[in-house]
Amino acid sequence: MEKQRLGVNIDHVATVRNARGGAYPDPQRAAKIAEEAGADGITAHLREDRRHITDADIEALMDTLSVPLNFEMAATDEMQAIALRHRPHAVCIVPEKREERTTEGGLEVAREENRLAHFIAPLREAGCRVSIFIAADRSQIEAAARIGAEVVELHTGAYCDAHSEGRFDARDRELAALTEMAGFAHSLGLEVHAGHGLAYDTVKPIAALPEVMELNIGHFLIGEAIFRGLGPAITEMRRLMVEARSS
Ligand code: PXP
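Reading guide: rules and limits
- Residues numbered from 1 in each chain as written.
- Predicted model: local features only at pLDDT ≥ 70, side-chain atom pairs only at ≥ 80, totals over all residues.
- Heavy atoms only, no water.
- Helix = DSSP H or I, 4+ residues; strand = E, 2+ residues; numbered from the N terminus.
- Rg over C-alpha atoms; globule rule 2.2 N^0.38 Å.
- Buried < 20%, exposed > 50% of the residue type's maximum accessible area, 1.4 Å probe, protein only.
- Contact = heavy atoms within 4.5 Å.
- Areas by Shrake-Rupley, 256 points an atom, 1.4 Å probe, with all protein chains shown as cover.
- Lys, Arg positive; Asp, Glu negative; His and termini not counted.
- Charge placed at Lys NZ, Arg CZ, Asp CG, Glu CD.
- Salt bridge = Lys/Arg side-chain N within 4 Å of Asp/Glu carboxyl O.
- Near = heavy atom within 4 Å.
- Polar contact = N/O pair within 3.5 Å; in protein donor to acceptor, adjacent residues only side chain to side chain.
- Nonpolar A, V, L, I, M, F, W, Y, C, P; charged D, E, K, R; others polar.
- Pairing = 2+ DSSP bridges.
- Axes fitted to C-alpha atoms, helices over the stretch in contact; angles between N-to-C directions.
- Parallel < 35°, antiparallel > 145°, perpendicular 65-115°, else oblique.
- Left-handed = near helix turned anticlockwise from the far one by under 90°.

Caption draft 1: A look at the overall build of the protein chain. Each helix and strand counted, the protein chain has eleven helices and eight strands in total. Against the globule reference of 18 Å for 247 residues, the protein chain gives a C-alpha radius of gyration of 17 Å, in line with a compact fold. The dimensions of the protein chain, computed from C-alpha atoms along their principal axes, are 45 × 40 × 35 Å. For the protein chain, the residues scored as buried account for 51% of the 247 residues in total. Across the protein chain, contacts joining residues at least 24 apart in sequence account for 67% of those joining residues at least 6 apart. If you sum the accessible surface of the protein chain, you get close to 11300 Å²; carbon and sulfur atoms cover 51% of it. Between the mean site of the 28 positive side-chain charges and the mean site of the 40 negative ones, the protein chain shows a separation of 2 Å.

Below, the structure written as structure tokens:
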């Protein structure tokens with residue numbers, strides 16, 4: 001099986017920093033440690049309300065990273081202008097609601113097909129790989145392919161929530177949908193990524209899906225870093241991913 005990439009999302013290093021309004025802990029330092037621990041990319045979400053990552057963080061990441069930046073953003077004119085200025089390796093379009101605590105669902109691509117097709121065209125022309133964050137849903141995947149996205153990232157949040165709440169039937173149904181839709185997206189020529197809510201006890205069935213080329217993981221790794229350090233937390237996640245793909 002092809003090697004699967006691990007993108008480390010550093011948003012919540014910024015969450016901790018912003019709790020005190022200063023400069024510590026520095027997301028750049030976390031990104032450096034993640035690179036040294038073998039992360040294939042760094043993911044950062046510049047939210048409209050700048051609750052964690054800031055414009056200055058994105059600027060600094062673009063200047064200092066030696067691995068690709070996956071820039072997560074909502075489909076707004078403001079974010080498009082920022083992405084076109086920085087031209088990150090990848091842009092992941094996510095839905096965003098001010099009142100949500102985290103990105104709760106996937107993007108409704110099918111409902112906004114025309115607008116999104118026009119929205120991503122300049123990003124693609126600027127050389128960014130455009131990824132669309134969606135639920136494991138056939139009509140959303142078809143719409144993502146039609147608007148010209150190169151990548152879909154499948155939302156694993158419902159699968160992870162069902163697992164951690166002990167709803168194992170629901171978890172297994174979510175996993176079956178992710179499995180089938182990863183294959184379907186791949187059959188349409190889309191590269192498949194996955195993420196949201198993944199932890200040591202949920203990563204392996206997702207990492208084992210042959211079509212899934214990249215996982216983006218943040219909150220759990222930053223939390224686990226409190227207990228074992230960021231480098232070792234990432235190393236263990238990588239070990240589980242490799243184990244899942246070799247068994
Ligand atoms: N992928 C996407 C598109 C996301 O929006 C997020 C959360 O910002 C993640 C992955 C990572 O999720 P988590 O922080 O729960 O690992």
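Caption draft 2: Layout of the pattern of salt bridges. One pass over the full model with this rule turns up 20 salt bridges. A salt bridge links Arg5 to Glu191; the shortest N-O distance between them is 2.6 Å. Of the two residues, Arg5 is situated in strand E1 (residues 5-9) and Glu191 in strand E7 (residues 191-195); the sequence distance between them amounts to 186 residues. Judged by its relative accessible area of 28%, Arg5 is partly exposed. Note that Arg50 and Glu78 form a salt bridge whose closest N and O atoms lie 2.7 Å from each other. Taken together, the residues Arg50 in the loop between strand E2 (41-45) and helix H3 (55-64) and Glu78 in helix H4 (residues 77-86) connect sequence positions 28 residues apart. Several salt bridges share partner residues, and in doing so they unite Arg5, Arg129, Glu191 and Glu214 into one network.

Caption draft 3: Highlighting unusual backbone geometry. Between Tyr24 and Pro25 the backbone carries a cis peptide bond, its omega angle lying at -5°. Notably, Arg50 is not glycine yet its phi reads approximately 50°, a positive angle. Phi at His196 is positive, roughly 110°, even though this residue is not glycine. Tracing the backbone shows His196 in the loop between E7 and helix H9 (203-207).

Caption draft 4: Inspection of the site of the ligand at higher detail. Glu72, Glu153, Gly197, Gly218 and His219 are the nearest of the 15 residues found near the ligand. Within the backbone of Gly197, one N or O atom sits 2.8 Å away from an oxygen atom of the ligand. Separating an oxygen atom of the ligand from a backbone N or O atom of Gly218 is a distance of 2.7 Å. In isolation the ligand offers 400 Å² of accessible surface; the protein chains occlude 95% of this area. Broken down by class, the residue content of the shell around the ligand amounts to four nonpolar, eight polar and three charged.

Caption draft 5: Here's a closer look at the sheet that holds strand E4 (residues 90-93). The strand order E1-E2-E3-E4-E5-E6-E7-E8 describes a closed barrel built from eight strands, whose pairing is parallel. Ignoring strand direction, the axes of neighbouring strands in this sheet form an average angle of 25°. Relative to E7, strand E6 (residues 151-155) is paired through five bridges, and the arrangement is parallel. Looking at the pairing, Val151 lines up with Glu191 of E7.

Caption draft 6: Local environment of the packing of H4 against helix H5 (residues 113-125). Relative orientation of the contacting elements H4 and H5 amounts to 15°, with a least axis distance of 10 Å. On the basis of the axis angle, H4 is roughly parallel to H5. Two packed elements cross with a definite hand, and for H4 against H5 that hand is right-handed. Counted together, Asp77, Gln80, Ala83 and Leu84 of H4 and His118, Phe119, Pro122 and Leu123 of H5 form the full contact between these two elements. Residue composition of the contact of H4 with H5, by class: five nonpolar, two polar and one charged.

Note that every value here comes from positions in space, so none of it alone points to a role or purpose.
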